[in-house]
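Here are the chains, one letter per residue:
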Amino acid sequence: MKKLLYILFFILPLIGSTQNYGGKAFYLVDSLDLDALPKSDIQLIDSCLKVYHNAKNDTGKINALSNLIEPMMHEDWSKYQFYQHNLIEAALKTSPSKKELKTLQKSLAGSINNIGYYYQDQGKVKDALTYFEKSLKLHEQIKDKEGVAGSLNNIGTVYQGQGQIEDALDYLLKSLKLNEEIGNKNGAAFSIHNIANIYNAQGKINEALDYFLKSLKLNEEINDKNGIANSYNSIGFIYLKQGKINKAIDFQSRSLKIFEEIGNLEGAAFTLVNIGDVYLKQGQTKKAQKSCERSLTIAKEIGFPRLAKRASHRLSFIYDKQGNSDKAFEMYKLFIQMRDS
């Protein structure tokens, strides 16, 4: 299931304006600026598209695109998602066998879900909800319980973002119950984590911590390193709220180490700002500056304006505190640019 990604367009002035568009015959989509992509994405795209072009049937092509879309960091994952969606719909019109039909329907439900993520990231909440509900309906039709649980979770996060807490909890608890019924610990950990986020937003810190710890335990049981790192991050954030500085920096540092080990640059950049917040709480502005500058560097590298917004906001405050008004103003302008994007 696709994670949330962020738009590169508004960060291009920070990292250069060179444009080297890939040929559509191989890259399939228009306006794929190879110079704007992280090296890891270019390697991923090239390897997956070689498989795509060598595939002997639509199923092989669809699977190759799924392997590209899921881990891709740059916002152009959405181009491939829409391309794959159209390919799946075309394949469904070719009178596939019963077995192929179910496989294609499952792929279609997944593509619809990812398009929901895309619209959610664009701030188009109604469109996001529409696609998540379509995905839910299709998962129910093909009796894919894991997919149903995932769709319930995603709908819950939309309601959470809209402040409809009762609806959000209702969907998240349904998702959790179904994940537990089918023994999907990964999905259960994800639902529990989102429930913890709601408690945190409500100021119910102790309840939030309990749920984050439950999520951590499940992630450790299945050795989901990305999940473990996310749990560490959130637990550290709660400890910071509680004023337990040493525990906060310990858990945030554990989170950063894992994110770096598994190559999750988005997670690393996010955690670095959180570590900067801990240092600010301690009055260690130099360490906070270094941490937030590392975060901003990563945000520029991978093209994540929301991460750049967080890092530049903290750096504006830090530079101002240090008496460096020019740098503070520079970071504030960047923060405004990222915020308005």
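About the thresholds
Residues numbered from 1 in each chain as written. Predicted model: local features only at pLDDT ≥ 70, side-chain atom pairs only at ≥ 80, totals over all residues. Heavy atoms only, no water. Salt bridge = Lys/Arg side-chain N within 4 Å of Asp/Glu carboxyl O. Buried < 20%, exposed > 50% of the residue type's maximum accessible area, 1.4 Å probe, protein only. Helix = DSSP H or I, 4+ residues; strand = E, 2+ residues; numbered from the N terminus. Expected span 1.5 Å × (residues − 1). Contact = heavy atoms within 4.5 Å. pLDDT = per-residue confidence, 0-100. Phe/Tyr/Trp six-rings, centres within 6.5 Å; stacked < 30°, edge-to-face > 60°. Lys NZ or Arg CZ within 6 Å of the ring centre and 35° of its normal. Polar contact = N/O pair within 3.5 Å; in protein donor to acceptor, adjacent residues only side chain to side chain.

**What to know about the pattern of salt bridges**
So, step 1. Within this structure, the stated rule accounts for nine salt bridges.
So, step 2. When the shortest N-O distance is used, the salt bridge between aspartate 30 and lysine 24 registers 3.6 Å.
So, step 3. Classification of aspartate 30 by relative accessible area gives partly exposed; the value is 48%.
So, step 4. Among the residues examined, lysine 24 registers a relative accessible area of 47% and is labelled partly exposed.
So, step 5. A salt bridge links aspartate 121 to arginine 306, with the nearest nitrogen and oxygen atoms 3.3 Å apart. Of the two residues, aspartate 121 is situated in helix H6 (residues 98-121) and arginine 306 in helix H16 (residues 305-321); the sequence distance between them amounts to 185 residues.

**Regarding helix H9 (residues 165-182)**
So, step 1. Between its first and last C-alpha, H9 extends 26 Å over 18 residues, near the 26 Å set by a 1.5 Å rise per residue.
So, step 2. Looking only at H9, the buried set comprises Ala168, Leu169, Leu172, Ser175, Leu176, Leu178 and Asn179.
So, step 3. Elements that come into contact with the buried residues of H9 comprise helix H8 (145-161) and helix H10 (185-201).

**Some details on the confidence of the model for the chain**
So, step 1. Here the chain averages 91 in pLDDT, while 95% of its residues score no lower than 70.
So, step 2. Every residue in residues 3-17 is under pLDDT 50, and counting partners more than four places away or in other chains gives 46 contacts.

**Details of the packing of aromatic side chains**
Geometry of an aromatic ring pair is reported as the spacing of the ring centres plus the angle between the planes.
So, step 1. One pass over the full model with this rule turns up twelve aromatic pairs.
So, step 2. Between tyrosine 232 and phenylalanine 251, the ring centres sit 5.7 Å apart and the planes meet at 65°, which makes this aromatic pair edge-to-face. Within this pair, whereas tyrosine 232 is found in helix H12 (residues 225-241), its partner phenylalanine 251 is found in helix H13 (residues 245-262), the two being separated by 19 residues in sequence.
So, step 3. Judged by its relative accessible area of 11%, tyrosine 232 falls in the buried class.
So, step 4. Taken together, the aromatic side chains of Phe82, Tyr118, Tyr119 and Tyr131 make up a single cluster linked through ring pairs.
So, step 5. Against the face of tyrosine 211 rests lysine 214, its NZ or CZ located 4.5 Å from the ring centre.
So, step 6. Taking NZ or CZ as reference, arginine 254 lies 5.3 Å from the ring centre of tyrosine 232, over its face.

**Re H12**
So, step 1. The terminal C-alpha atoms of H12, which comprises 17 residues, lie 24 Å apart, in line with the 24 Å expected from a rise of 1.5 Å per residue.
So, step 2. Of all 17 residues making up H12, twelve are buried, and the element is well covered by its neighbours.
So, step 3. Buried residues of H12: Gly227, Ile228, Ala229, Ser231, Tyr232, Asn233, Ser234, Ile235, Gly236, Ile238, Tyr239 and Leu240, and no others.
So, step 4. On its buried side, H12 packs onto H10, helix H11 (205-221), H13 and helix H14 (265-282).
So, step 5. Among the residues of H12, the N-terminal cap falls to aspartate 224, whose side-chain oxygen and the backbone nitrogen of asparagine 226 are separated by 3.2 Å.
So, step 6. Immediately beyond the C-terminal end of H12, within one or two residues, lies glycine 243, with a positive phi of roughly 80°.

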